[in-house]
Amino acid sequence: MTIVVGYVSTKEGEAALERAFEECRLRKDKLVVIHSDRGGAGLSGDSARKNEEDLKQVRSRLDEAGVEGEVRGLVRGKEPAEDLIVVAEETGASLIIIGLRKRTPVGKLILGSNAQRVLLDAPCDVLAVKAR
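The name given to the chain in an unreviewed UniProt entry is Universal stress protein, with Janibacter hoylei PVAS-1 as the source organism. Looking at the chain in UniProt, the text filed under Sequence similarities (unreviewed entry) is "Belongs to the universal stress protein A family."

Chemist: Which parts of the structure should I look at to understand helix α1 (residues 11–27)?
Modeler: Residue pairs spaced three or four apart in an α-helix point in one direction, given the helix's 3.6 residues per turn. An ideal rise of 1.5 Å per residue puts 24 Å on 17 residues; α1 measures up with 24 Å between its terminal C-alpha atoms. Residues Glu-12, Gly-13, Ala-15, Ala-16, Leu-17, Ala-20, Phe-21, Glu-23 and Cys-24 constitute the buried set of α1. Close packing links the buried residues of α1 with β1 (2–6), β2 (30–36), α2 (45–65), β4 (95–100) and β5 (125–130).

Chemist: Can you help me understand the packing of α1 against α2 in this one?
Modeler: Geometrically, a packed helix pair is captured by the angle between its two axes and the distance between the axes. It is at 11 Å that the axes of α1 and α2 come closest, and there the two elements cross at 35°. Crossing handedness for the pair α1 and α2: right-handed. Within the contact between the two elements, α1 uses Glu-14, Leu-17, Glu-18, Phe-21 and Arg-25 and α2 uses Val-58, Arg-61, Leu-62 and Ala-65.

Chemist: How should the nonpolar core be read in this particular structure?
Modeler: Most often, soluble globular proteins have nonpolar side chains that are buried together. Counting residues in hydrophobic clusters, the biggest one holds 21 residues, and the most contacted among them are Val-5, Leu-17, Phe-21, Leu-31, Val-33, Val-67 and Ile-97. Looking at this core, the elements that each hand over two or more residues are β1, α1, β2, α2 and β4. Among the elements that take part in this core, α1 stands out by supplying six residues, more than any other. Ignoring anything within four residues of it in the chain, the contact list for Leu-31 reads Ile-3, Val-5, Leu-17, Ala-20, Phe-21, Cys-24, Leu-62, Val-67, Glu-68, Gly-69 and Glu-70. Listed in part, the 14 residues of the second largest apolar core include Val-32, Ala-81, Leu-84 and Cys-124.

Chemist: Would you mind going over the side chain of Thr-2 with me for this structure?
Modeler: Locating Thr-2 in the fold gives a position in strand β1. Under the relative-accessibility criterion, Thr-2 is labelled buried at 10%.

Chemist: Looking at this structure, how should I read the pairing of β2?
Modeler: Side chains on a regular strand alternate between the two faces of the sheet. With six of its seven residues buried, β2 lies for the most part within the structure. When β1 meets β2, the two strands line up parallel, connected through five bridges. When the bridges of β2 are listed, Thr-2 appears paired with Lys-30. For the crossover from β1 across α1 to β2, the handedness is right-handed. In terms of strand pairing, β2 meets strand β3 (residues 69–74) through six bridges, oriented parallel. From the neighbouring strand, Val-33 faces β3, where its bridge partner is Val-71.

Chemist: Explain the side chain of Glu-23 here, please?
Modeler: Looking at where Glu-23 falls in the secondary structure, it is placed in helix α1. A relative accessible area of 9% means that Glu-23 is categorised as buried. Sequence-distant contacts of Glu-23, that is, excluding residues within four places in its chain, are made with Ile-3, Lys-28, Leu-95, Ile-97 and Leu-127.

Criteria and cut-off values
- Residues numbered from 1 in each chain as written.
- Predicted model: local features only at pLDDT ≥ 70, side-chain atom pairs only at ≥ 80, totals over all residues.
- Heavy atoms only, no water.
- UniProt positions renumbered as here; feature names shortened; annotations may be inferred.
- Helix = DSSP H or I, 4+ residues; strand = E, 2+ residues; numbered from the N terminus.
- Expected span 1.5 Å × (residues − 1).
- Buried < 20%, exposed > 50% of the residue type's maximum accessible area, 1.4 Å probe, protein only.
- Contact = heavy atoms within 4.5 Å.
- Axes fitted to C-alpha atoms, helices over the stretch in contact; angles between N-to-C directions.
- Left-handed = near helix turned anticlockwise from the far one by under 90°.
- Core = buried A, V, L, I, M, F, W, Y, C linked by side-chain atoms within 4.5 Å.
- Pairing = 2+ DSSP bridges.
- Right-handed = clockwise from strand over helix to strand, strands pointing away.

Right, dumping it as structure tokens:
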């Protein structure tokens, strides 16, 4: 089976990635790491280079963790939740792992909630990991 994890270079992303490594070792599953960026005018050359460097490090960490898998950097103009759901469907994933951060009610209203969308629309189980 396959586990899909949403990754960004934050405490929440790191917590999700570490838990994904643990779950893959326990279940002997393959891991697909997704870094989703909407792209467009907001994605500068510096940001794109940093994202690529972060993903190279994640690829190395997969090997170090002894986990079979792949890393996908997606810049398709979609919300991260949509990318995670589509990849989970494409791969027949048994689990999606996401990192959570605390947000104010106003922040949720204005920015929406990718986590909520994943939880409600995922084709499989979802494990939400809180960063410490």
